[in-house]
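Now for the letters of each chain:
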Amino acid sequence: MLACWVASGRVLSRSPVARTPGSALRCLAGAHTFERAAERIEFVGSFSNWTSMPASRLPEIALFGRSNVGKSSALNCLAGRSRTKVARVSKTPGCTTAINLYRAGNVCTVCDLPGYGFAKRGKELQEEWGRAISDYVAEREQLRVMVAFVDPRHGPKDNDANFFAWLRDFKIKDARLITVATKVDALKPNEVEGRLLELQAAYGLREMPLPFSSVTGAGRSQLWRAIEGAAD
Ligand SMILES: Nc1nc2c(ncn2[C@@H]2O[C@H](COP(=O)(O)OP(=O)(O)O)[C@@H](O)[C@H]2O)c(=O)[nH]1
Ligand SMILES: [Mg+2]
């Protein structure tokens, strides 16, 4: 699908992002505002494209990654494991076909985006998704942080490499992109760093992906802190 997005030759530069007073308010409230607000994450709605999404002045965090990489599970983990799940998780890849929007109090919104790289749904539908996501990234003014999930269990993948190449065309500041290696619970502890360094090199990332597990909650606080830092 990403190949289609890239091949479509769309104009990809993002509109300038307007600053909201949110960052100043968060400074006054102190650190970890995002992590505390996570307990209040609520589902807002499913949208087929950005034009139908409600306008908001809160900074938005978008979750990117292949189908089945663990985006929705990560959102449930970020929302706190003690509470009822907010996002639907499926064993069938390609289950999230819409832009699912969530809101964490008056602090931020979170977008669980359809995954890429799953062929079964047919080329036409995938192209439609690609267009919807390209438009979302290019046009959604409050999009502040892009969290890209990768799976460190299987080594570098072409569709992830295509994704990072596609993202570079938007000329988004490096500080706005956080790469997360999820499912690290499935790796032996002594192989985690080697796998993450391999992905960093393969995808040309400035930093090593952040190790994360929705099963154990490893990396949860670190990810919220990274998001909070990137949102300002
Ligand atoms: N072991 C392990 N499995 C996970 C983790 N996160 C997600 N999964 C599993 O991976 C599958 C896909 O997860 P999902 O969150 O729906 O992926 P999405 O398509 O990217 O939203 C599900 O079977 C999850 O239970 C994780 O951190 N560790
Ligand atoms: Mg999902």
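Residues numbered from 1 in each chain as written. Chains lettered and ligands numbered in written order. Predicted model: local features only at pLDDT ≥ 70, side-chain atom pairs only at ≥ 80, totals over all residues. Heavy atoms only, no water.

For the protein, an unreviewed UniProt entry supplies the name EngB-type G domain-containing protein and the organism Diacronema lutheri. What UniProt records for the protein under Cofactor (unreviewed entry) is the sentence "Mg(2+)". Its UniProt record, at the heading Sequence similarities (unreviewed entry), says of the protein: "Belongs to the TRAFAC class TrmE-Era-EngA-EngB-Septin-like GTPase superfamily. EngB GTPase family." (UniProt positions renumbered as here; feature names shortened; annotations may be inferred.)

Per the secondary structure count, the protein includes eight helices and seven strands. A buried classification covers 52% of the 232 residues belonging to the protein. Contacts in the protein between residues far apart in sequence, at least 24 positions, make up 79% of those at least 6 positions apart. (Helix = DSSP H or I, 4+ residues; strand = E, 2+ residues; numbered from the N terminus. Buried < 20%, exposed > 50% of the residue type's maximum accessible area, 1.4 Å probe, protein only. Contact = heavy atoms within 4.5 Å.)

Next up on the list: the site of ligand 1. Near ligand 1 there are 17 residues, and of these N68, K71, S73, D185 and S214 occur at the shortest range. For ligand 1, an oxygen atom lies 2.9 Å from a polar atom in the side chain of S72. In isolation ligand 1 offers 580 Å² of accessible surface; the protein chains occlude 82% of this area. Of the residues in the shell around ligand 1, the class split is three nonpolar, nine polar and five charged. (Near = heavy atom within 4 Å. Polar contact = N/O pair within 3.5 Å; in protein donor to acceptor, adjacent residues only side chain to side chain. Areas by Shrake-Rupley, 256 points an atom, 1.4 Å probe, with all protein chains shown as cover. Nonpolar A, V, L, I, M, F, W, Y, C, P; charged D, E, K, R; others polar.)

Right, let's get into the packing of aromatic side chains. In the structure shown here, the tally under the stated rule is nine aromatic pairs. An angle of 15° between the planes, with centres 5.1 Å apart, marks the rings of Y116 and F163 as stacked. Of this pair, Y116 sits in the loop between β4 (108-112) and α5 (123-139) while F163 sits in helix α6 (residues 158-168), and the two are 47 residues apart along the sequence. Assigned by exposure class, Y116 and F163 land together as buried. The interplanar angle of 70° and the centroid separation of 5.2 Å between the aromatic rings of F163 and F164 together place this pair among those described as edge-to-face. The residues F163 and F164 share a single accessibility class, namely buried. Each residue in the set F64, Y116, F163, F164, W166, F170 and Y203 is aromatic and connected to the rest through ring pairs, giving one cluster. (Phe/Tyr/Trp six-rings, centres within 6.5 Å; stacked < 30°, edge-to-face > 60°.)

Take α6 next. All of the buried residues in α6 are N159, D160, F163, F164, W166 and L167. Seen from one end, α6 has its buried residues packed into an arc of 160°, which puts them on one side. (Arc of directions from axis to C-beta.)

Phi is positive for N68, which is not a glycine, with a value near 75°. Assignment of secondary structure puts N68 in the loop between β2 (60-65) and α4 (71-78). Overall, the relative accessible area of 38% leaves N68 in the partly exposed class. The phi dihedral of K183 is positive, around 60°, even though this residue is not glycine.

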